[in-house]
Amino acid sequence: MSIALVSSVTTTAALAKPMSADGVSAAAVDLDNAAKKEIAMKLVSSAENSSLDWKAQYSYIEDIGDGRGYTAGIIGFCSGTHDMLELVQEYTKRSPNNILAKYLPALKKVDGSDSHTGLGNAYVKDWKTAAKDQVFKDSQNFERDRVYFTPAVNQGKADGVRALGQFAYYDAIVVHGDGDDSTSFRNIRKRALGKAKPPSQGGNETTWLNAFLDARVWAMQQEEAHSDTSRIDTAQRVFLKAGNLDLNPPLKWKVYGDSYSINS
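Note that the structure is predicted; figures quoted are calculated from it, not measured. (Residues numbered from 1 in each chain as written. Predicted model: local features only at pLDDT ≥ 70, side-chain atom pairs only at ≥ 80, totals over all residues. Heavy atoms only, no water.)

(A) Layout of the sheet that holds strand β3 (residues 77–78). Taken in spatial order, the three strands of this open sheet run β1-β2-β3, and their pairing is antiparallel. The sheet is open, and its two borders are formed by β1 (61–63) and β3, each paired with just one other strand. Two elements, β1 and strand β2 (residues 70–72), share three bridges in a ladder whose sense is antiparallel. Opposite Ile 61, over in β2, you have Ala 72 as the bridge partner. (Pairing = 2+ DSSP bridges. Helix = DSSP H or I, 4+ residues; strand = E, 2+ residues; numbered from the N terminus.)

(B) Summary view of the side chain of Glu 90. Looking at the element boundaries, Glu 90 is found in helix α3 (residues 83–94). A distance of 2.7 Å separates polar atoms of two side chains, one belonging to Glu 90 and the other to Arg 94. Excluding its chain neighbours within four sequence positions, the residues that come into contact with Glu 90 are Ser 139, Phe 142 and Glu 143. (Polar contact = N/O pair within 3.5 Å; in protein donor to acceptor, adjacent residues only side chain to side chain. Contact = heavy atoms within 4.5 Å.)

(C) Here's a closer look at helix α6 (residues 134–159). With 26 residues, α6 should reach 38 Å at 1.5 Å per residue; the first-to-last C-alpha distance of 35 Å fits that figure. If you check the start of α6, you find a side-chain oxygen 3.0 Å away from the backbone N of Val 135, and it comes from Asp 133. Two residues or fewer after α6 comes Gly 160, characterised by a positive phi angle close to 80 degrees. (Expected span 1.5 Å × (residues − 1).)

(D) Just the pattern of salt bridges, in detail. Following the criterion strictly, the structure yields 19 salt bridges and no others. With a shortest N-O distance of 2.7 Å, Asp 32 and Lys 157 are connected by a salt bridge. Highlighted residues: Asp 32 in the loop between α1 (3–15) and α2 (34–49) and Lys 157 in helix α6, separated in sequence by 125 residues. Since its relative accessible area comes to 36%, Lys 157 is described here as partly exposed. With a shortest N-O distance of 2.9 Å, Asp 145 and Lys 37 are connected by a salt bridge. (Salt bridge = Lys/Arg side-chain N within 4 Å of Asp/Glu carboxyl O. Buried < 20%, exposed > 50% of the residue type's maximum accessible area, 1.4 Å probe, protein only.)

Keep in mind these values describe shape, not function.
Given below as structure tokens:
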């Protein structure tokens, strides 16, 4: 990228600084700000559940045929990727006699596979019943933050990226996890580091996020279940091209061809 182009991008980002009612530039806030976090939840829900009503997803559960067994809850906890097991363990720690506790042995056995052995229709029904329990909702919120949201935001802060970049990290870790495989969050970030530097290392924020999103698209294309990259192309990339590095509403985007908006 030429020096002139970098300068242009930087200027666009500067113009996108949030403004207060009196026209004075407002301080940027991170994704862990309550209002920004609500936006993040809605953005992920639009891609995961085709709805902005993320709080309606506590009861969601189905096998979407991606090799991860059951996908469920507000963040897509999976029976085959360990996070559903950890969620039910957390729920059981908080409420020992809960309706899902009896499935812990089965969840341990199917962990790492797409098997439904010991789960099945009874588990699906009981999951939906558990979702009426505030303790289970709290457990889902806790595990979402512990495993996905907080690590993503902390890495974003360390890299010097603002709310949009922090969201890009969060969405990546939700979909890909943060394991050792080549398509995990840490290795998507590592792949991006081969092309650009984050602001904390002297890089341009927009250039860095473009490199990260390029690496993210590559990772999604490695797996048929995630080969549709519209959650990047017609959502995150739209915000980035607009210079909206602080992820300020109004926001308009598309996922899988469906249009969404957040006006305030």
